[in-house]
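Given next are the chains, with one letter for each unit.
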Number of protein chains: 2
Amino acid sequence: MAKASTATRAPGRPLDAAVEDAILRAALQLLGEAGYGGLRIEEVARRAGAGKTSIYRRWATREELILAAVRHFLSETAARGARTVLAPAASLRDDLLAQARRLTAVLTPERAGIVAGLLLAMRSHPELAAIVRHALVAGEGGAMAGVLERAVSRGERRSSRVPGTVLQVLPGVLLLQVFVLGQHSDDRALARLVDDVMLPLLAEPPSPGRVRRSARSL
Amino acid sequence: MAKASTATRAPGRPLDAAVEDAILRAALQLLGEAGYGGLRIEEVARRAGAGKTSIYRRWATREELILAAVRHFLSETAARGARTVLAPAASLRDDLLAQARRLTAVLTPERAGIVAGLLLAMRSHPELAAIVRHALVAGEGGAMAGVLERAVSRGERRSSRVPGTVLQVLPGVLLLQVFVLGQHSDDRALARLVDDVMLPLLAEPPSPGRVRRSARSL
């Protein structure tokens, strides 16, 4: 193993990268367990199997380490989410299900613990809050914009525009299910969320022109 | 002031009740700031202006104190929510707005901090999680059941039954707005949530028989 890893070692001090990864992971774990205030550099070092010096060599302060760990978590979350959405969806329903699965896939119990730690930390650390919000708004906004544009191109909707609050429903309900109700929703629960909530909000009648005219003529 | 409070002192050791209240409040504050793991009895005592002995006389362990503080918070939340919903609503829309206002009123910034601490603590403390979930499911379920029954009695809906996931939308979106987006929603934002999301999910067409028949006859 050691030999193989030496053989495939690229330039740029990859052992350093492995240490860095272990430190960031330990910091995230602790953020989920002990919260921002309870995160101690000594404990990060212990869990990462690294010295405090190798932490402070990279990040001058505890705050810098936490911000780096959160950025790492957010980019990993985006990458993990992207991997779950592989096949192009055949319908708005399939596409919404894929989005719900993506959000559920990134909220494994371990990762949900980290997110809960983040939500608490965001309340007293504006810079951290801004980073998380920016990533989420951009990521989720982009994902839902794609869903709506594909629905238009399939002829399932006339416009890709919807009220902003509608875009908060899918992540909002999943947030409630995971963090308040303690449910890790399975595919049946996600299908209910799509069929009972998201499609009624987003699907348009199959032949809107005809139905509209008829309703107006009443 | 001291005299007035002595004069109005009721039987049942009210000074004890005041100390108890101060201790529970300090515990909740700390839960929101430092999380479950970071909550120290010494700090609770300091903030409450009480001795550690008067804490341990009432609650044998840190865990018991935290559970008592959470129960206190939940019953206070229910009472505070009940105070915001005074006048009977004239329509489903008014009633939904009142529910949204109630949920927003109980999530003041200070209380939202406590809830964020609770959400994190719930992940590693099942007993605490069960207490919070029970209170929320009973409270929110009851509130929405009332909204739907009143809509039926006004003739705005035929049935008070809706899919369970629909009932998660209002608290879910507010959860996202408060804890992820960091918004304390004003009345305009709440009106958008009701008009763009909740009414499309819950309102039924004014004369469903006619519209239904007409759609079928096309």
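Residues numbered from 1 in each chain as written. Chains lettered and ligands numbered in written order. Predicted model: local features only at pLDDT ≥ 70, side-chain atom pairs only at ≥ 80, totals over all residues. Heavy atoms only, no water.

K.L.:
Where do I start with the overall build of chain A in this structure?
P.N.:
Secondary structure assignment for chain A yields twelve helices and zero strands. Listed by position from the N terminus, the elements making up chain A come as α-α-α-α-α-α-α-α-α-α-α-α. For chain A, the share of sequence-separated contacts (at least 6 apart) that also reach a separation of at least 24 residues comes to 69%. For chain A, the computed accessible surface area is about 11,000 Å², with 57% contributed by carbon and sulfur atoms. (Helix = DSSP H or I, 4+ residues; strand = E, 2+ residues; numbered from the N terminus. Contact = heavy atoms within 4.5 Å. Areas by Shrake-Rupley, 256 points an atom, 1.4 Å probe, with all protein chains shown as cover.)

K.L.:
What am I meant to see in the interface of chain B and chain A here?
P.N.:
Reports of interface size often rely on the accessible area that becomes lost once the parts have come together. Contacts between the two partners involve 42 residues from chain B, matched on the other side by 42 residues from chain A. Summing both sides of the interface, chain B and chain A together bury roughly 3,500 Å²; the carbon and sulfur share of this comes to 69%. There are zero salt bridges connecting chain B and chain A. Across the chain B-chain A interface, the total number found is eight residue pairs in polar contact (both at pLDDT 80 or more). Breaking the side of chain B that touches chain A down by element, the ones donating at least two residues are α2 (14–38), α7 (109–124), α8 (126–153), α9 (169–180), α10 (187–202) and α11 (208–216) of chain B. Per element, the largest residue contribution to the side of chain B that touches chain A is ten residues, and it comes from α9(B). Taken together, the residues that form the side of chain B that touches chain A break down as 27 nonpolar, ten polar and five charged. (Buried area = accessible area lost by both parts, 1.4 Å probe. Salt bridge = Lys/Arg side-chain N within 4 Å of Asp/Glu carboxyl O. Polar contact = N/O pair within 3.5 Å; in protein donor to acceptor, adjacent residues only side chain to side chain. Nonpolar A, V, L, I, M, F, W, Y, C, P; charged D, E, K, R; others polar.)

K.L.:
Mind showing me how you'd approach the relation of the copies chain B and chain A here?
P.N.:
Copy one and copy two of the chain differ by a rotation about a common axis and a shift along it. Mapping chain B onto chain A calls for a rotation angle of 180 degrees and an axial translation of 0.0 Å; the resulting RMSD is 0.0 Å. Here the copies are linked by what is in effect a two-fold axis. Proximity to the rotation axis, assessed at the C-alpha, singles out B:G172 in chain B; its C-alpha lies 2.2 Å from the axis. A shared binding surface is used by both copies, with 100% of the interface residues of chain B retained as interface residues in chain A. (Least-squares fit on C-alpha atoms with pLDDT ≥ 70 in both.)

K.L.:
Sorry, what's going on with the pattern of salt bridges here?
P.N.:
Any two side chains of opposite charge can pair, given that their charged atoms come close. Overall, the coordinates contain 36 salt bridges over all chains when judged by the stated rule. A salt bridge links A:E42 to A:K52; its shortest N-O distance comes to 3.1 Å. Residue A:E42 is located in helix α3 (residues 41–48), and its partner A:K52 is located in helix α4 (residues 52–58); the two are separated by ten residues in the primary sequence. The exposure class of A:E42 is partly exposed, given its relative accessible area of 44%. With a relative accessible area of 37%, A:K52 lands in the partly exposed category. B:D187 is paired through a salt bridge with B:R101; the nearest N and O atoms lie 2.9 Å apart. Residue B:D187 is located in helix α10, and its partner B:R101 is located in helix α6 (residues 92–106); the two are separated by 86 residues in the primary sequence. By relative accessible area, B:D187 is classed as partly exposed at 41%. Salt bridges sharing partners connect three or more residues here, namely A:D21, A:R25, A:E76 and A:R111. (Buried < 20%, exposed > 50% of the residue type's maximum accessible area, 1.4 Å probe, protein only.)

K.L.:
What am I meant to see in the environment of A:L202 here?
P.N.:
By the secondary structure assignment, A:L202 is in helix α11 (residues 187–202). In contact with A:L202, other than residues within four places in its own chain, are A:L92, A:L96, A:M144, A:L148, A:R157, A:V162 and A:V166.

K.L.:
Honestly, helix α3 (residues 41–48) of chain B in this entry has me stumped. Any pointers?
P.N.:
Turning to α3(B), its buried residues are B:I41, B:V44, B:A45 and B:A48. Down the axis, α3(B) shows its buried residues gathered within 95 degrees of arc, on one side only. (Arc of directions from axis to C-beta.)

K.L.:
Any chance you could explain the confidence of the model for chain A here in plain terms?
P.N.:
Atom-level detail of predicted coordinates should not be read off regions where pLDDT is low. Residue and element names in this part refer to chain A. Per-residue pLDDT for chain A has a mean of 86; in total, 87% of the residues score no lower than 70. Within the model, the stretch residues 1–10 combines pLDDT values under 50 with two contacts to residues more than four positions away or in other chains. Here residues 210–218 is a poorly scored stretch, pLDDT under 50, and it has eight contacts once near neighbours within four places are set aside; other chains count. Across the predicted assembly, pTM comes out at 0.85 and ipTM at 0.84. (pLDDT = per-residue confidence, 0-100.)

K.L.:
Just to check I follow, could you spell out the nonpolar core for this structure?
P.N.:
A general feature of soluble globular proteins is that nonpolar side chains tend to end up buried together. By size, the foremost hydrophobic cluster in this structure holds 90 residues, and its most contacted members are A:V44, A:L65, A:L128, B:V44, B:L65 and B:L128. Setting aside residues up to four positions removed in sequence, A:L128 forms contacts with A:Y36, A:I66, A:L67, A:V70, A:L118, A:A121 and A:M122. Formed by 48 residues, the second largest nonpolar core is a distinct cluster that contains A:V194, B:L92, B:V147 and B:L202. (Core = buried A, V, L, I, M, F, W, Y, C linked by side-chain atoms within 4.5 Å.)

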